[in-house]
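# Working through the structure, step by step
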Amino acid sequence: MAIKLLNFFQKQVSVSLTKSKPYLQWRCLSSSIDYPYEYSSMDHALASVHSIYSNPCFAILGLCRNIDSLKKVHALFIVNGLNGDLLCDTKLVSLYGSFGHVGYARLLFDRIPDPDFYSWKVMIRWYFLNDMYRDIIRFYARMSVRACDNVVFSVVLKACSELRDINQGRKVHCQVVKVANPDSFVHTGLVDMYAKCGEIACSREVFNEILDQNVVSWTSMIAGYVQNNCAKDALVLFNNMREAMVESNQFTLGSLVVACGKLGALHQGKWVHGYVIKNGIELNSYLVTAILDMYVKCGSIRDARSVFDELSSVDLVSWTAMIVGYSQSGFPHEALKLFIDKKRFGILPNAVTIASLLSACAQSNNLSFGRLFHALGIQLGLKDSTLINALVDMYAKCGMIRDARYIFETASDKDLIAWNSIISGYSQNGSASEALELFHQMRSKSVLPDAVTLVSVFSACGSLGALHVGSSFHAYSIKNGLLTSNVYVGTALLNFYAKCGDSKSARDIFDSMGEKNTVTWSAMIGGYGIQGDSEGSLALFGDMVRENFKPNEIIFTTILSACSHTGRLGEGWKYFNSMCQDYKFVPSMKHYACMVDMLARAGRLEEALDFIDNLPIQPDPSLFGAFLHGCGLHSRFDLGEVAIKKMLDLHPDKACYYVLISNLYASDGRWNQVNQVRELMKQRGLNKDPGFSITQMDADKDVQFSRVASLA
C-alpha cells in the first residue's frame, strides 16, 4: 500500500514538472541574460524546488492534518526505510512542533545526522512559538558556532528579554556586532532586551545607533523608559519622535498613557486621550486599559467611567480594568455594582477580576458577597496566588480570622504577599501575639520581610506595648533602608513609640522623616494626645496647617480632646466650627463627645445638655459619660439624674449606662443607690466588660518575644 501511494505521488510530481519544464527553462534563460550575477542563486533555488516536488515523502507529509495522521505516516516511513532524508526529517520536525509536540520535534531533530541551518531555524522557531525561552537559550548555545542570521538573533534576544538574562543578552549583542549586518528587528530586540533587564542607558545607546528608526524602535524605547520608572524621559522622547515625523501607533500611545498615570499628569494624559480620538486611532484592549488606569491613578474615576461607558463593546480586559479602578480608588460598592450589572452577564471573570472584587468586599466589610466570590473562584477553577492572597485579606478584614488562616495554611505556595496578608489580619483583629508568632514562622522559612510586613509588626508591638521587640524591628528597618525610603514604615514606627509611652523617640522619628503625609502628622499629634501633652498636640497642629497639609477627622478628635483637657473652650469651638465649615467634615460621635466633655469640664452643664438634646444623631454612652463626669466634678447631681432618665429611656438594657449611674452616685457618697443599681444589673443579667491596661513584659523571660526579636 505504501509503495503504491509513493508511486502515485511520484507520477503526479513528474507530470507536473514535465509540464512546467519549458516555462522554467525560459525563466532561467531570461534571468541569465538580465541578471548574470544572480543566475547561480536562481539555479540553486530551482534545484531546491525540484528536490521538493520530486520527493514523494514530502508530498505525503503535506496531507497530515493532526498528530495521529502524522504519527502514522512517520511510522510508515520508518517501516519502509524511507527516513533519513534531510528534507523530510526537517518537515517532520516542523509538523510535530505545529501540533504542539515540541518534545517529539526535538527528539527527531537530535537524530538528524547533519542538520542544515534551515533545520536549526525550524527547531528554534517552535521553541519560540511555544514560549520555551530557556530551551531557546540552551539550543542557541549549540548552534552559535554556526552562522546565525537576523531571525535567529531576534528570537534569542526575545528569550533573553523574557528571562531578564542580561549576561546571555550581552553575548548575543557581541555576536550581532561580529556579523555586522543587523536589521531593524535585531536593533529593536536589543533595545527591548536591555530595557527589560534594567539597563536603560545601554538601551538608549543601542537606540541612538539605529539609522532607520521606525515606529517599532521608537515605541520600544518609550516603553523601556516607562518600565524603568523614567516616565518623564518617555514623554520627552515622544516629543522627539513627533519632531522626527514618525507616526505613533496604539502601543506607543498606550505606553505614553501609562507614563502619565505614573506621574499623575492628568493634563498630559487627557492630551494623549484627545490625540487618540482626534486621529481616529482604534482602541485596542491595551490602550483602553492604559487610559482607564491613567484616569484612576490621577484620581479622576469619573473620567475613567466615561471612557468605559463610551466603549462600543466591553471585553474582559476593559471590564476588569474598571472594576480594579473602583476597588483601588476606594469605591468598593461601585465595583460590586459593576460586576452584577446585567449588561455584563456574558463575560466570565478571571483571577484578577475576582481578586479585585474580594478587595472591594474587604473594604466594605461585605462577608456575604466575599463568600460568593470565593465560591465562584472555585467553580471557575481559579487557583492563582493573587486570588489566594485576596481571599486571606478579605476574610481577615471581615473578622473571619480562622477562615483566613485555613486558606493561608492550605495554600501550596506562600509568597511574601500571603504572609503579609495573614500577619496584618491577626494584627488588625486584636491578636497581636499571634501576628508576631507568624512573623517568626515567616523568617524561619527564609522569607524576607518588606515595608508592608514591618508596618503590621510595628502595629502589633504597639498593641502589646512590646518596646524591646519593636526596637529590634526599628534597628532592622534602618539596616535594610526601609525607614528612610518608606513613609508608611516611619509612620507605623512613630505610632509604635507613642503607644509605648516614648513620645521623645516618636518625635525624633517624626523629625527625621523626609516625606510626611496626613497620616504621619495624625500619628504624631495623636501620640502627644495619648501622653496628655495637649500643648504639643496643638503646637504640632499649627505646624501642620502652616505646611498646607489638610487635617483629617482623627486629627480633629485629638485636637478637640486636647482643648477639653486644657480648658480651652473658645479654641475648642473654633476648631469644631472650622472642621464643619472650612473642611466640610460631618462630625462623628467622637467629635460630639469631645465637645460635651469640653462644656462639662468648664461647668457649662446646661449648655452641654442642650447640645446633646439637639444632636442630629442618637447619643451613645461616650456623650452621657462625659456629661455625667462633669456633673460629678461640679456637684450638679440634679442635672445628672435628668441625663440618667434620658439614658435609660434610650437604652434600658445596656450595662455601660448602669455603670455610669453607679459612678455618679458613688461620687456623691450615695452608697444605697449604688447598691440598688448594682442589684438591678444582676436582676437583668447585665455585666460590665472588664477593663485592662497594657504594659511591656520582661522580654528576657518571654521566650516568644525573645525569639521574634532575634529574627529582626
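The rules behind the values
Residues numbered from 1 in each chain as written. Predicted model: local features only at pLDDT ≥ 70, side-chain atom pairs only at ≥ 80, totals over all residues. Heavy atoms only, no water. Helix = DSSP H or I, 4+ residues; strand = E, 2+ residues; numbered from the N terminus. Buried < 20%, exposed > 50% of the residue type's maximum accessible area, 1.4 Å probe, protein only. Contact = heavy atoms within 4.5 Å. Areas by Shrake-Rupley, 256 points an atom, 1.4 Å probe, with all protein chains shown as cover. Disulfide = S-S within 2.5 Å. Salt bridge = Lys/Arg side-chain N within 4 Å of Asp/Glu carboxyl O. pLDDT = per-residue confidence, 0-100. Arc of directions from axis to C-beta. Polar contact = N/O pair within 3.5 Å; in protein donor to acceptor, adjacent residues only side chain to side chain. Core = buried A, V, L, I, M, F, W, Y, C linked by side-chain atoms within 4.5 Å. Phe/Tyr/Trp six-rings, centres within 6.5 Å; stacked < 30°, edge-to-face > 60°. Expected span 1.5 Å × (residues − 1).

### Thoughts on the overall build of the chain
- Helix and strand counts for the chain come out as 42 helices and zero strands.
- Sorting the 712 residues of the chain into buried and exposed places 45% on the buried side.
- For the chain, long-range pairs separated by at least 24 residues make up 61% of all intrachain contacts whose partners lie at least 6 apart in sequence.
- Working note: accessible area of the chain is about 36900 Å², and carbon and sulfur atoms make up 54% of it.

### Structural notes on the state of the cysteines
- Under the criterion given, the structure shown has zero disulfides.
- You can see Cys500 has no disulfide; the closest cysteine sulfur is in Cys461, sitting 7.7 Å from it.
- For Cys500, a relative accessible area of 22% corresponds to the partly exposed category.

### Comments concerning the pattern of salt bridges
- All told, the structure shown has 22 salt bridges when counted by the stated rule.
- Taking the shortest distance from any N to any O, the salt bridge between Asp110 and Arg106 comes out at 3.0 Å. With Asp110 and Arg106 both in helix α6 (residues 102-110), this residue pair falls four residues apart, about one helical turn.
- Under the relative-accessibility criterion, Arg106 is labelled buried at 19%.
- In this structure, Asp403 engages Arg371 in a salt bridge whose closest nitrogen and oxygen atoms are separated by 3.4 Å. Residue Asp403 is found in helix α24 (residues 401-410), and its partner Arg371 is found in helix α22 (residues 367-379); the two are separated by 32 residues along the sequence.

### Let's talk about the confidence of the model for the chain
- For the chain, the average pLDDT comes to 83, and 84% of its residues sit at 70 or higher.
- Predicted confidence for residues 1-6 stays below pLDDT 50, and this span has eight contacts to residues more than four positions away or in other chains.
- Of the regions scoring below 50 in pLDDT, residues 8-53 engages in 19 contacts with residues more than four places distant in sequence or in other chains.

### Comments concerning α24
- Inspection of α24 places Ile401, Ala404, Ile407 and Phe408 among the buried residues, and these make up the whole buried set. In a view along the axis of α24, the buried residues occupy a sector of 125°, so they form one face of it. Residues Arg402 and Tyr406 are exposed on α24 and point more than 90 degrees away from its buried face.
- On the buried face of α24, the contacting elements are α22, α23 (385-397), α25 (416-428) and α26 (432-444).

### Things to note about the side chain of Thr453
- Tracing the backbone through its elements, the reader meets Thr453 in helix α27 (residues 451-464).
- A distance of 2.8 Å separates a polar atom in the side chain of Thr453 from a polar atom in the side chain of Asp450.
- Discounting chain neighbours no more than four positions away, the residues touching Thr453 are Leu416, Asn420, Ile423, Phe439 and Met442.

### Regarding the nonpolar core
- In terms of nonpolar packing, the biggest core is built from 201 residues, with Val156, Phe473 and Phe627 touching the most fellow members.
- Looking at this core element by element, the count peaks at nine residues for helix α36 (residues 589-601).

### Digging into the side chain of Thr558
- Tracing the chain through its elements places Thr558 in helix α34 (residues 553-565).
- Beyond its immediate sequence surroundings of up to four residues, Thr558 is in contact with Ile525, Gly526, Gly529 and Ser537.

### What to know about the packing of aromatic side chains
- In total, this model carries 29 aromatic pairs according to the counting rule given.
- Measuring from centroid to centroid gives 4.8 Å for Phe408 and Trp419, while their planes differ by 75°, and the two rings are edge-to-face. In this pair, Phe408 is assigned in helix α24 and Trp419 in helix α25, connecting sequence segments 11 residues apart. Each of the two residues, Phe408 as well as Trp419, counts as buried.

### As for helix α17 (residues 285-297)
- Under the 1.5 Å per step criterion, the end-to-end length of α17 is 18 Å for 13 residues, consistent within 8% with the ideal 18 Å.
- Among all positions of α17, only Leu287, Val288, Ala290, Ile291, Leu292, Met294, Tyr295 and Val296 are buried.
- On its buried side, α17 packs onto α15 (250-263), α16 (266-278), α18 (301-309) and α19 (316-328).
- Positioned one or two residues after α17, Gly299 has a phi angle of 75°, which is positive.

### A look at the environment of Ala59
- Within the element layout of this structure, Ala59 appears in helix α3 (residues 56-61).
- Residues Ala59 and Cys88, 29 residues apart in the sequence, show an inter-C-alpha distance of 9.3 Å.

### Quick notes on unusual backbone geometry
- Although it is not a glycine, Asn365 adopts a positive phi angle of roughly 55°.
- Within the secondary structure, Asn365 sits in the loop between α21 (351-364) and α22.
- Even without being a glycine, Ser446 presents a positive backbone phi close to 65°.
- With relative accessibility at 63%, the residue Ser446 sits in the exposed group.

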